[in-house]
There are 2 protein chains.
Amino acid sequence: MDKTNIGTHLIIDAWDCPHELLNDKEAITQAMIQAIKEGEATLIDLTVHEFSPHGVTATATLAESHIAIHTWPEYGYFAADLFFCGEGKPHKAMEHLEEALQAGKYKIQEIKRGFAPNQPESLQTLEVVHEPV
Amino acid sequence: MDKTNIGTHLIIDAWDCPHELLNDKEAITQAMIQAIKEGEATLIDLTVHEFSPHGVTATATLAESHIAIHTWPEYGYFAADLFFCGEGKPHKAMEHLEEALQAGKYKIQEIKRGFAPNQPESLQTLEVVHEPV
């Protein structure tokens, strides 16, 4: 079973975020919950973990697949990925995350999951916004 | 803060797996736990969810970042992604997943996270094995 477009996987690298926001467990939890809502997805389970001395990871298991975010406050950087199968709106969810965490610039890669090896549909860089280096 | 190699993110699309294995919550739970062990990673939280009528999602929050797997038994297909920062061995963890779930063929993409937009280091397709189409 190849060439099936199972879903969309968005990979985000975001920089120039306020350091204190990336270390705020409650703000990140709320950003995730609102992103899931805007993405019209269904939450099954949300794990949020605060690292010492800094950094937060949040992993949302969805009926549609998952969203995960990992922050490095010391770099003003976060990494997120959003994998949605079905009817959800991963781009809307992603937009909420980058807005809520006030990313100064970010890179997005979009991967179509489920395609056979070497098919060109399976990988594309979607967009780069805000001061690409 | 750009050009930082924060970590390695492996994206796997795997086909030709035994359908019953992809619907076996306990087998997938054990495959995840062993993959984390082989990857020398530290588990913070593991969520495993069984869908009706079929399909399993498992999301592991790690000290190193995360592993997520989503199965479609009806297609003999699973999608996994493994994001490791630090000292872990994501390729070892990945190899265990594809072996434990008996993938007949699979595609792997490796993304270096944390690099600035448009840097060639940030994206490469690592390998395709077993009957690439």
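Look above for the structure.
Throughout this description, residue numbers start from 1 for each chain and increase along the sequence as written. Whichever chain is written first becomes A and whichever ligand is written first becomes 1, with later ones labelled in order. Reporting in this predicted model follows two pLDDT cut-offs: at least 70 for local features of residues, and 80 or more for side-chain atom pairs to be given and counted; totals over whole chains, interfaces and linings ignore these cut-offs and use all residues. The side-chain figures draw on all heavy atoms in the structure; neither hydrogens nor water molecules are used.

Colleague: Any chance you could break down the overall build of chain A for me, citing the residues and the numbers?
Modeller: Helix numbers and strand numbers start at the N terminus; a helix is a DSSP run of H or I with at least 4 residues, a strand a run of E with at least 2. On a plain count of helices and strands, chain A comes out with 3 helices and 7 strands. Starting at the N terminus and ending at the C terminus, chain A contains elements arranged as β-α-α-β-β-β-β-α-β-β. Think of it in three bands: residues with accessible area under 20% of the maximum for their type are buried, residues over 50% are exposed, and the middle band is partly exposed, with areas taken using a 1.4 Å probe on protein chains only. Put simply, chain A has 133 residues, and 57% of those count as buried. Note on areas: Shrake-Rupley with a 1.4 Å probe; residue coverage comes only from the protein chains shown. Element-wise, carbon and sulfur atoms account for 46% of the exposed surface of chain A, whose accessible area totals about 5,200 Å².

Colleague: Tell me what's going on with the environment of His96(A), and back it up with residues and numbers.
Modeller: Residue and element names in this part refer to chain A. For His96, the location among the structural elements is in helix α3 (residues 90–100). The sequence separation of His96 and Thr47 amounts to 49 residues, and the corresponding C-alpha distance is 19 Å. Residues within four places of His96 in sequence aside, it is in contact with Ala31, Gln34, Ala35 and Glu38. Any pair of residues with heavy atoms lying within 4.5 Å of one another is described as a contacting pair.

Colleague: Hey, could you go over the pattern of salt bridges for me, with residue numbers and the actual values?
Modeller: Residue and element names in this part refer to chain A. Basic side-chain nitrogens of Lys or Arg form a salt bridge, by our definition, when they fall within 4 Å of a carboxyl oxygen of Asp or Glu. Summed over all chains, the structure comprises 6 salt bridges over all chains. Taking the shortest distance from any N to any O, the salt bridge between Glu40 and Lys89 comes out at 3.4 Å. Taken together, the residues Glu40 in the loop between α2 (25–38) and β2 (43–50) and Lys89 in the loop between β5 (77–85) and α3 connect sequence positions 49 residues apart. For Lys89, a relative accessible area of 38% translates into the label partly exposed.

Colleague: Residue-level account of the pairing of strand β6 (residues 105–113) of chain A, with values.
Modeller: All names here are of chain A. The buried count for β6 comes to 9 of 9 residues, which makes it a mostly enclosed element. Both faces of β6 are covered, namely the face carrying Lys105, Lys107, Gln109, Ile111 and Arg113 and the face carrying Tyr106, Ile108, Glu110 and Lys112. At least two bridges found by DSSP between two strands are what make those strands a pair. Relative to β6, strand β1 (residues 7–15) is paired through 9 bridges, and the arrangement is antiparallel. Each bridged residue has a counterpart across the sheet, and for Thr8 the counterpart in β6 is Lys112.

Colleague: Give a detailed account of the packing of helix α2 (residues 25–38) of chain B against helix α3 (residues 90–100) of chain B, specifying residues and quantitative values.
Modeller: All names here are of chain B. Where α2 contacts α3, the axes come no closer than 7 Å and their chain directions differ by 150°. In terms of their interaxial angle, α2 and α3 are classed as roughly antiparallel. Helix-helix and strand crossings are classified by hand; for α2 and α3 the assignment is right-handed. On α3, the residues touching Ala31, Met32, Gln34, Ala35 and Glu38 of α2 are Lys92, Ala93, His96, Leu97 and Ala100. Gly is placed with the polar residues, together with every amino acid not listed as nonpolar (Ala, Val, Leu, Ile, Met, Phe, Trp, Tyr, Cys and Pro) or charged (Asp, Glu, Lys and Arg). In the contact of α2 with α3, the residues fall into 6 nonpolar, 2 polar and 2 charged. Comment: axis = line fitted to C-alpha atoms, over the contacting stretch for helices; angle = value between 0 and 180 degrees taken between N-to-C directions. Note on terminology: angles under 35 degrees are roughly parallel, angles over 145 are roughly antiparallel, angles of 65 to 115 are roughly perpendicular, and the others are oblique. Left-handed is the label given to a crossing in which the near helix is rotated counterclockwise from the far helix by less than a right angle, and right-handed is the label when the rotation is clockwise.

Colleague: Can you explain α3(B)? Please cite residues and give values.
Modeller: Of all the positions in α3(B), only Pro90(B), Ala93(B), Met94(B), His96(B), Leu97(B) and Glu98(B) are classed as buried. The secondary structure elements touched by the buried residues of α3(B) are β1 (7–15), α2, β4 (65–72), β5 (77–85) and β6 (105–113) of chain B.

Colleague: Could you give an account of the pairing of β1(B), with specific residues and numbers?
Modeller: All names here are of chain B. Of all 9 residues in β1, 9 are buried; the element is thus mostly enclosed. Residues Gly7, His9, Ile11, Asp13 and Trp15 of β1 are buried on one face, and the alternating residues Thr8, Leu10, Ile12 and Ala14, pointing to the opposite face, are buried as well. By the bridge criterion, 8 bridges tie β1 to β5 in an arrangement that is antiparallel. Paired with Thr8 across the strands is Phe84, a residue of β5.

Colleague: Give me the packing of aromatic side chains: which residues, what numbers.
Modeller: Given two aromatic rings, their pairing is described by the distance between the two centres and the angle made by the two planes. Think of it this way: a Phe, Tyr or Trp ring, Trp meaning its six-membered ring, pairs with another when their centres are within 6.5 Å, and the plane angle makes it stacked under 30 degrees, edge-to-face over 60, tilted otherwise. This model, assessed by the stated rule, comprises 6 aromatic pairs over all chains. A ring pair is formed by Trp15(A) and Tyr77(A), whose centres lie 5.8 Å apart and whose planes are at 55°; its orientation type is tilted. Placement of the pair is Trp15(A) in strand β1 and Tyr77(A) in strand β5, with a sequence separation of 62 residues. A relative accessible area of 0% means that Trp15(A) is categorised as buried. With relative accessibility at 1%, the residue Tyr77(A) sits in the buried group. When the centroid spacing of 5.7 Å and the interplanar angle of 50° are considered together, the rings of Trp72(A) and Tyr77(A) count as tilted. Taken individually, Trp72(A) and Tyr77(A) each receive the classification buried, so the pair is uniform in this respect. Criterion for a charge above a ring: Arg CZ or Lys NZ at most 6 Å from the ring centre, at most 35 degrees from the ring normal. Sitting over the ring of Phe83(B), Arg113(B) keeps its end group 5.1 Å from the ring centre.

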